[in-house]
Amino acid sequence: MENFLSVILEAKKMAATDYVGFTFFVGCMAMMAASAFFFLSMNSFDSKWRTSILISGLITFIAAVHYWYMRDYWANFGESPTFFRYVDWVLTVPLMCVEFYLILRAAGATKSLMWKLIFLSVVMLVTGYFGEAVYTDGSGPTIWGLISGIAYFVIVYEIWMGGAAKLAQSAGGSVEKAHKTLCWFVLVGWAIYPIGYMAGTADGQWYSFVGDFGLNMDVIYNIGDAINKIGFGLVVYQLAVDSK
Ligand SMILES: *C/C=C(C)/C=C/C=C(C)/C=C/C1=C(C)CCCC1(C)C
């Protein structure tokens, strides 16, 4: 019995080289800390910005809860928690679209702009999930990844050059500046994810060479989440500070 238990406990120790386990753990802590920061600072701002800061906190809080489960899942099964990962994204990425809308609302952003971004983000994520977890045979990952990538580019177009960009220009000042920074997050920060996807689904796809770099999908996703979720929130926080 004692031996049996020690075998189980041994298997649960985190290895020093378990970068996936490590980044899930640190990611969880970082998301919790960021949530506390956003929630607690919320009331020090003008009511105009409170909803935006609240959403920043909700994004990191939802991620913190999912990271708690993902960390646990990885520790127990040693497998990618793909399902939790995508549930997290499908809740938090639309909230990031809401942030764009809230920032530009004073400049005249409509709900239809918000729903357009939300719709595109859900298409991007659901098709990504198909390629990563459902239709994994043959060229499934390539095809679904491509569709997901197209939705991603439409989002990039919309915020950099479409209606959202025009509204940001007309708003000017700190709003335009914040919008620009968020645009960079989407263009560069979000581009981390397709790299993770290719690393994780490389086998038998045209991008099989990505598999040779020894990159780990979960580590890449975890780094992307920390940069994008906390970074996004801080841009909104900074905007609220600037307009105090
Ligand atoms: C907090 C989570 C965020 C910001 C997640 C963003 C996820 C993406 C931008 C994912 C994009 C993908 C592609 C563009 C193609 C391959 C499949 C995905 C879903 C990894």
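Preceding block: the structure.
Only a predicted model underlies this, so the values are computations on that prediction, with no experimental measurement involved. Along every chain, residues carry numbers that run from 1 in the direction the sequence is written. Where local features are concerned, this predicted model is filtered to residues with pLDDT of at least 70; where side-chain atom pairs are given and counted, the filter is 80 or more; whole-chain, interface and lining totals use all residues. Only heavy atoms go into the side-chain values, all of them from the structure, while hydrogens and water stay out.

(A) Geometry of the side chain of Gln205. Take Gln205: it is sitting in the loop between helix 9 (192–201) and helix 10 (217–242). A 1.4 Å probe rolled over the protein chains alone gives each residue an accessible area, and that area as a share of the maximum for its type sets the label: buried under 20%, exposed over 50%, partly exposed in between. With relative accessibility at 7%, the residue Gln205 sits in the buried group. At 2.9 Å, the side chain of Gln205 and the backbone oxygen of Gly138 are in polar contact. Two residues qualify as a contact provided that any one of their heavy atoms is within 4.5 Å of a heavy atom in the partner residue. Sequence-distant contacts of Gln205, defined by excluding residues within four places in its chain, comprise Gly138, Ser139, Pro141 and Thr142. Put simply, DSSP H or I for four residues or longer makes a helix, DSSP E for two residues or longer makes a strand, and each gets a number counted from the N terminus. We call two N or O atoms a polar contact when they sit within 3.5 Å, provided that within protein one can donate a hydrogen and the other can accept it, with sequence-adjacent residues counted only if both atoms are side-chain atoms.

(B) Layout of the environment of Ser174. Tracing the backbone shows Ser174 in helix 8 (residues 173–189). For the pair Ser174 and Leu239, spaced 65 residues apart in sequence, the C-alpha separation works out to 6.3 Å. Aside from chain neighbours lying at most four places away, what touches Ser174 is Leu239, Asp242 and Ser243.

(C) Representation of the packing of aromatic side chains in the model. Pairing of aromatic rings covers Phe, Tyr and the six-membered ring of Trp, with a centre-to-centre limit of 6.5 Å; geometry is then stacked below 30 degrees between planes, edge-to-face above 60, and tilted otherwise. Under the definition given, this model contains 23 aromatic pairs. Taking the centre distance of 5.9 Å and the plane angle of 70° together, the rings of Phe83 and Phe84 count as edge-to-face. Ring geometry for Tyr86 and Tyr129: centres 5.2 Å apart, planes at 65°, overall edge-to-face. Taken together, the residues Tyr86 in helix 4 (residues 82–104) and Tyr129 in helix 5 (residues 111–134) connect sequence positions 43 residues apart. An aromatic cluster is defined as three or more aromatic residues linked by ring pairs; in this entry it consists of Tyr69, Tyr73, Phe77, Phe83 and Phe84. Look at NZ for Lys and CZ for Arg. If either is within 6 Å of the ring centre and within 35 degrees of the ring normal, a charge sits over the ring. Positioned above the aromatic ring of Trp68, the side-chain terminus of Arg71 is 4.3 Å from the ring centre.

(D) Structural context of the site of the ligand. Any residue with a non-hydrogen atom lying within 4 Å of a molecule or strand is treated as near it. In the neighbourhood of the ligand, 17 residues make up the surrounding shell, with Trp89, Ser148, Tyr193, Asp225 and Lys229 lying closest. The Shrake-Rupley method, run with a 1.4 Å probe, gives the accessible areas here. Residue values count only the displayed protein chains as cover. Protein contacts shield 99% of the accessible area of the ligand, which totals 530 Å² for the unbound molecule. Counting residues per element, the ones that place at least two in the shell around the ligand are helix 4, helix 5, helix 6 (140–160), helix 9 and helix 10. It is helix 4 that provides the largest number of residues to the shell around the ligand, a total of five residues. Three classes are used: nonpolar for Ala, Val, Leu, Ile, Met, Phe, Trp, Tyr, Cys and Pro, charged for Asp, Glu, Lys and Arg, and polar for all others, with Gly counted as polar. In terms of residue class, the shell around the ligand is made up of eleven nonpolar, four polar and two charged.

(E) Highlighting helix 7 (residues 163–171). Along helix 7, the positions that sit buried rather than exposed are Ala164, Ala165, Leu167 and Ala168. The buried side chains of helix 7 occupy one side of the element, clustering within an arc of 165° when seen end-on. Projecting away from the buried face of helix 7 at angles above 90 degrees are the exposed residues Lys166, Gln169 and Ser170. The secondary structure elements touched by the buried residues of helix 7 are helix 4, helix 5, helix 6 and helix 8. Gly172 sits one or two positions beyond helix 7 and adopts a positive phi of about 65°. Note that the arc is defined by the directions from the helix axis to the C-beta atoms.

(F) Inspection of the nonpolar core at higher detail. The term nonpolar core refers to a set of buried residues drawn from Ala, Val, Leu, Ile, Met, Phe, Trp, Tyr and Cys, joined through side-chain atoms within 4.5 Å. Residues Leu104, Met124, Val186, Trp190 and Phe232 are the most contacted members of the largest nonpolar core, which totals 70 residues. Ranked by residues supplied to this core, first place goes to helix 4 with twelve residues. Excluding residues within four positions of it along the chain, Leu104 makes contact with Ala109, Ala164, Leu167, Ala168, Val175 and His179.

(G) Spotlight on the side chain of Asp88. Mapped onto the secondary structure, Asp88 falls in helix 4. Although buried, Asp88 forms no salt bridge, and the nearest oppositely charged side chain, Lys229, lies 4.3 Å from it. Excluding its chain neighbours within four sequence positions, the residues that come into contact with Asp88 are Ile62, Ala63, His66, Tyr67, Met70, Asp225 and Lys229. Counting rule applied: Lys, Arg positive; Asp, Glu negative; His and chain ends not counted. Definition used for salt bridges: Asp or Glu carboxyl oxygen within 4 Å of a side-chain nitrogen of Lys or Arg.

(H) A look at the packing of helix 3 (residues 47–77) against helix 10. Note on geometry: axes are C-alpha line fits, over the in-contact stretch for helices, and angles between N-to-C directions span 0 to 180 degrees. Orientation of helix 3 relative to helix 10, taken along the N-to-C sense of each, is 160°, at an axis distance of 9 Å. Classified by the interaxial angle, the pair formed by helix 3 and helix 10 is roughly antiparallel. Helix-helix and strand crossings are classified by hand; for helix 3 and helix 10 the assignment is left-handed. Across the interface between the two elements, Trp49, Ser52, Ile53, Ser56, Ile59, Thr60, Ala63 and Tyr67 of helix 3 pack against Tyr221, Asn222, Asp225, Lys229, Ile230, Gly233, Val236, Tyr237, Leu239 and Ala240 of helix 10. Roughly parallel means an angle under 35 degrees; roughly antiparallel, over 145; roughly perpendicular, 65 to 115; everything else is oblique. Less than a right angle of anticlockwise turn of the near helix away from the far helix marks a crossing as left-handed, whereas a clockwise turn marks it as right-handed.

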